[in-house]
Amino acid sequence: MQTATARRTVGDTPAGGSVLGFYAPKGTPRPPRVARAEGVFLWDEDGRRYLDATSGAVVTNIGHGNPAVLQAMQAQARKVTFAYPRFFESEDSIALADRVCALAGPGLDRAFFVSGGSEANESALKLARQYAVVSGQPGRWKVISRNPSYHGATLGALTVTGDASAHALYGPMLRAQPKVAAPLSYRVPDGHSVESFEAACAQALEDTIVREGADSVLAFILEPIGGLSTGAVVSSPAYFRAVREICDRHGVLLVFDEIMSGAGRTGRFLAAHHWPDARPDLVTLAKGLAAGYTPLGAVLAPERIVDAVAASGGFVHGHTYFTNPLSCAVANAVLDEVVRQDLVARAQAAGAYLKDRLHALAARSPLVGDVRGLGLLGAIELVADKASRRALPVDFNAPARLTEHGLRHGIALYNRRANRGEFGDFQMITPPLTASDAELDLLVALLERALADLHDEVRGRGLA
Ligand SMILES: Cc1ncc(COP(=O)(O)O)c(C=O)c1O
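Bear in mind that the values here come from a model prediction, so they are computed numbers and not experimental data. (Residues numbered from 1 in each chain as written. Predicted model: local features only at pLDDT ≥ 70, side-chain atom pairs only at ≥ 80, totals over all residues. Heavy atoms only, no water.)

Trainee: How do you make sense of the packing of aromatic side chains when you look at a structure like this?
Mentor: Two measures describe an aromatic ring pair: the distance that separates the ring centres and the angle between the ring planes. This structure, assessed with the given rule, holds 9 aromatic pairs. For the pair Phe240 and Trp275, a centre-to-centre distance of 4.0 Å together with 25° between the ring planes defines the contact as stacked. Here Phe240 is found in helix 9 (residues 237-250), whereas its partner Trp275 is found in the loop between strand 8 (253-257) and strand 9 (282-285), with 35 residues between them in sequence. For Trp275, a relative accessible area of 6% corresponds to the buried category. In textbook terms, an aromatic cluster arises when at least three aromatic residues are bridged by ring pairs, as seen for Tyr84, Phe87, Phe112, Phe315 and Phe322. Positioned over the ring face of Phe41 is Arg49, at 3.9 Å from the centre of the ring. Lying across the ring of Tyr353, Arg357 places its NZ or CZ 3.6 Å from the centre. (Phe/Tyr/Trp six-rings, centres within 6.5 Å; stacked < 30°, edge-to-face > 60°. Helix = DSSP H or I, 4+ residues; strand = E, 2+ residues; numbered from the N terminus. Buried < 20%, exposed > 50% of the residue type's maximum accessible area, 1.4 Å probe, protein only. Lys NZ or Arg CZ within 6 Å of the ring centre and 35° of its normal.)

Encoded structure:
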């Protein structure tokens, strides 16, 4: 029987229609249409169930359809959905700021809420720049970032994103910022160990600051644990210590993009908490903060920066939907669930459980070359040959093929190709923090079926 989902293709209506019309040529089959979601599962309109193995785009930390959050959403909507924060304050936005700052800990004293990750990074970099200007350092404007990295899709965030293919396209519209290599753990350059490459990456930061002129460098931004840019690479305490010392030596602000790693996913509220010496000056959050129940991002900043900017006439920046009362109320309800279910601790325990099972899967699968990550921010790396670590051909786009096989087996796997696969092919494994051990076992079983199909395809095409 042909299902409704199978009949639909991109461009099959004269106007409007699927957003995939922007991404895929006419005639491409459209994905299943979601009908409902609950816990770690989504169902399409044909009643097929999919395990959400990546929390969508690493978003749905507390799972789908949480009744307490839905109730809080409805209650807030009845009270007020929009009030511009410069005219009216809202109780929930203040409660959320108090709470997020308390969870983030000393040094991150104030919170500025926006609608998502790219906006959060834009806001953090503009706050840093305005602080430099008002504190007598107007020559500081350069923001060093890492390659590879991902900091968002807007033009400002793209200036610091380390993705050569995005820069090849949009480069003429941007003022690209200096890049240094990001430490990797599976594909280090010839002649390096993981440790020596990390040390070289830290040294490259200092060399770049000196070369650019320390008085011109405003900030260094990094993902403390890579997302889709590196596939959950975790660096050592020594790297974070070195980065902090270098930034201190040169008066450079250290910005942690915790849009994917924050809000508890790695087994701490912030990934920065894993490395007490890291002490970022600014932190950005999004994704898990409101866990997909509403669009929300945040910048966390120290009082000294916020006070200096405010005293100078105020932050020259804002968005219509910043500090939106409905979004803040929903995020408070999400955080209530994080606390009530002790999900930060659960992320740590579940992460260890899942990692063991993924290592066992890697031992069985000819395609899984590496398993890495922290807490439930994990990834597997897909290779053609495990002994040599040879990657699959870039044009094959192994993560996209795995996603397609996964859908047939009832597992939803988000992937977004960073750097056109230049740094390898990885698949994030980032289920909701609410996943039970039995659901994690099911995830691994379904993933193994999708990997077996991928392996058949790889062999059939003579790629391994
Ligand atoms: C590390 C990181 N920074 C920034 C962003 C951009 O966030 P958004 O897509 O909400 O704008 C993302 C999104 O994937 C991300 O993973």
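After that view of the structure, there is still more to cover.
Trainee: How should the site of the ligand be read in this particular structure?
Mentor: Near the ligand, the surroundings consist of Gly116, Gly117, Ser118, Asn121, Tyr150, His151, Gly152, Glu223, Asp257, Ile259, Met260 and Lys287. Tyr150 places a main-chain nitrogen or oxygen 3.4 Å from a nitrogen atom of the ligand. Between the ligand and Asp257 there is a distance of 2.7 Å, counted from a nitrogen atom to a side-chain nitrogen or oxygen. With 3 residues, helix 5 (residues 117-134) is the single largest residue contributor to the shell around the ligand. A breakdown of the residues in the shell around the ligand according to their chemical character gives 3 nonpolar, 6 polar and 3 charged. (Near = heavy atom within 4 Å. Polar contact = N/O pair within 3.5 Å; in protein donor to acceptor, adjacent residues only side chain to side chain. Nonpolar A, V, L, I, M, F, W, Y, C, P; charged D, E, K, R; others polar.)

Trainee: Can you help me understand unusual backbone geometry in this one?
Mentor: Residue Pro148 follows Asn147 across a cis peptide bond; omega there is 0°. On the secondary structure map, Pro148 appears in the loop between strand 5 (142-147) and helix 6 (155-160). For Arg389, which is not a glycine, the phi torsion comes out positive at approximately 65°. With respect to the secondary-structure elements, Arg389 resides in the loop between strand 12 (377-382) and helix 13 (398-409). Exposure remark for Arg389: the relative accessible area of 38% places this residue in the partly exposed category. Although it is not a glycine, Asn397 sits at a positive phi angle of roughly 55°.

Trainee: Sorry, what's going on with the environment of Lys355 here?
Mentor: In this structure, Lys355 sits in helix 12 (residues 343-364). Judged by relative accessible area, Lys355 falls into the partly exposed class, the value being 29%. Spatially, the C-alpha atom of Lys355 lies 8.8 Å from that of Leu376, the residues being 21 residues apart in sequence. In contact with Lys355, not counting residues within four places along its chain, are Val371, Arg372 and Gly373. (Contact = heavy atoms within 4.5 Å.)

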